[in-house]
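A look at the structure
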Amino acid sequence: MEISGPWRRAASGAGLLAADGSIAATIFAEMSALAIKTGAINLGQGFPDEDGPAEVLEAAAEAIRAGINQYPPGTGIPQLRNAVAEHQRRFYGLDYNPDREVLITAGATEALAATVLALVEPGDEVVTFEPFYDEYGALIGLAGGRHVPVTLQAPDFAPDLDQLSRAVTDKTKIIIVNNPHNPTGATFDDETLRTIVELANRHDAYIVTDEVYEHLRFETPHTPIASFDGASDRTISISSGGKTFSTTGWKIGWITARPALITAILAVKQFLTYVNGAPFQPAMAVGLALPDSFFTGIAETLKAKRDLLSAGLRSAGFEVFPSRGSYFLVADVSPLGFPDAVEFCRQLPDRAGVVAIPLSAFYTEANRGQARSLVRFAFCKREEVLERAAEQLARLSAR
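Being a predicted model, the structure only gives us computed values, none of them experimental.

**Some details on the sheet that holds strand 12 (residues 357–358)**
- Pairing within the open sheet is antiparallel, and its four strands lie in the order 9-10-13-12. Every interior strand has two partners, whereas the edge strands, strand 9 (319–320) and strand 12, have only one.
- Of the pairings in the sheet, the one linking strand 9 to strand 10 (residues 328–332) comprises two bridges and is antiparallel in character. Looking at strand 10, one finds that E319 is bridged to D332.

The structure is reproduced here in structure tokens:
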């Protein structure tokens, strides 16, 4: 199947085009198929294998029984918009009007799509940090924008602020900030965030944040970029409940931003999914109101899983890089004698019964060589699954 026009730009940005212009299978689809075919433990995809808090699940079931099964309001139900505004105030001291500055979306994915399509005109530049969540490249291509990546370097995956300063120009329309960062597990320090705000103000750019892992930080608390001086009026903050409440299939996300920005984004959003998840919206409001102990507890639990998998990978001979947040960690396979992570991942299900993703899948084509031997593993799984994966990965060092 050949594609053209804006869809071709989007597919190209997402790395979906083969040399002949047809749609190529992504490495994500290939690895998922290998997991099913071989019965391997899938540490490639970032979804939990445990349900979220019982009170949140019961609230959804109760909403279904109560007949909340039709279209919700286009901006989201008032209960959830109020809960999002209260969440921002409770955790970060940020004040948003729930009726004018909060928008409920079909997960963070739709929030990002509506935002980029609303703000980016053909020829506008969009700066991202590379490696990046693959949707970013596709959306920039679909909008006709020019993707300007700032490459993060192992082992810490911290941005070079001089490179960032060169990347942001008067042509920059958006700087996308994913913090905590997928796929590396990095978190950005205050100096980096302040620099982004300064550059956005200097060049009149918007800041779009992807903060879906905001409550899954292991060493330091999350500080949203919208809380920095000079950021609030030009920042579109995006998050969702899927990662926090282990409900990735519900697809309930939200945006907080100034009224004019919400209005512009809503004008696009209404032609995407229109609305979604009616019975899940009140359930998400219940989740956002859970006590502080829940939010600290999920981070502590995930940190222990990170440590478990990290130890297993090191025992198997990998070099493991720091992960300070998210579901993911990055490891180098070259100490095992594999210079090519793509080929390593294709062999891993048969060699160790585990599936992972080569980090190069998250880079622009020109820069994939920088991640040639790097692999992403997801540790958002049950402890017994991670223990079994570590045992199976130990076979690699025994060969």
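**Quick word on the nonpolar core**
- Among the nonpolar cores identified, the biggest contains 125 residues, and L80, F318 and F377 are the most heavily contacted of them.
- Among all residues touching L80, those that are not within four sequence positions of it are I104, I252, Q281, M284, A285 and L288.

**Some remarks on the packing of helix 2 (residues 27–38) against helix 12 (residues 341–352)**
- Interaxial distance between helix 2 and helix 12 falls to 9 Å at its minimum, and their mutual angle equals 15°. Considered as vectors, helix 2 and helix 12 are oriented roughly parallel to each other. Handedness of the crossing formed by helix 2 with helix 12: right-handed. Each of I27, E30, M31, L34 and T38 in helix 2 lies in contact with helix 12, whose residues at this interface are V342, C345, R346, P349 and D350.
- Considered class by class, the residues forming the contact of helix 2 with helix 12 number six nonpolar, one polar and three charged.

**Considering the pairing of strand 2 (residues 102–105)**
- Neither face of strand 2 is open: one carries V102 and I104, the other L103 and T105, and all of them are buried.
- As defined by bridge partners, strand 2 adjoins strand 8 (residues 253–256) across four bridges and the pair is classed as antiparallel. If you follow T105 over to strand 8, its bridge partner there is G253.

**Comments concerning the side chain of R376**
- Among the structural elements, R376 can be located in strand 13 (residues 374–378).
- Here R376 sits buried without a salt bridge, and the closest side chain of opposite charge, D134, lies 7.6 Å off (N-O distance).
- One polar contact links R376 to N182, side chain to side chain, over a distance of 2.9 Å.

About the criteria used
Residues numbered from 1 in each chain as written. Predicted model: local features only at pLDDT ≥ 70, side-chain atom pairs only at ≥ 80, totals over all residues. Heavy atoms only, no water. Pairing = 2+ DSSP bridges. Helix = DSSP H or I, 4+ residues; strand = E, 2+ residues; numbered from the N terminus. Core = buried A, V, L, I, M, F, W, Y, C linked by side-chain atoms within 4.5 Å. Buried < 20%, exposed > 50% of the residue type's maximum accessible area, 1.4 Å probe, protein only. Contact = heavy atoms within 4.5 Å. Axes fitted to C-alpha atoms, helices over the stretch in contact; angles between N-to-C directions. Parallel < 35°, antiparallel > 145°, perpendicular 65-115°, else oblique. Left-handed = near helix turned anticlockwise from the far one by under 90°. Nonpolar A, V, L, I, M, F, W, Y, C, P; charged D, E, K, R; others polar. Lys, Arg positive; Asp, Glu negative; His and termini not counted. Salt bridge = Lys/Arg side-chain N within 4 Å of Asp/Glu carboxyl O. Polar contact = N/O pair within 3.5 Å; in protein donor to acceptor, adjacent residues only side chain to side chain.

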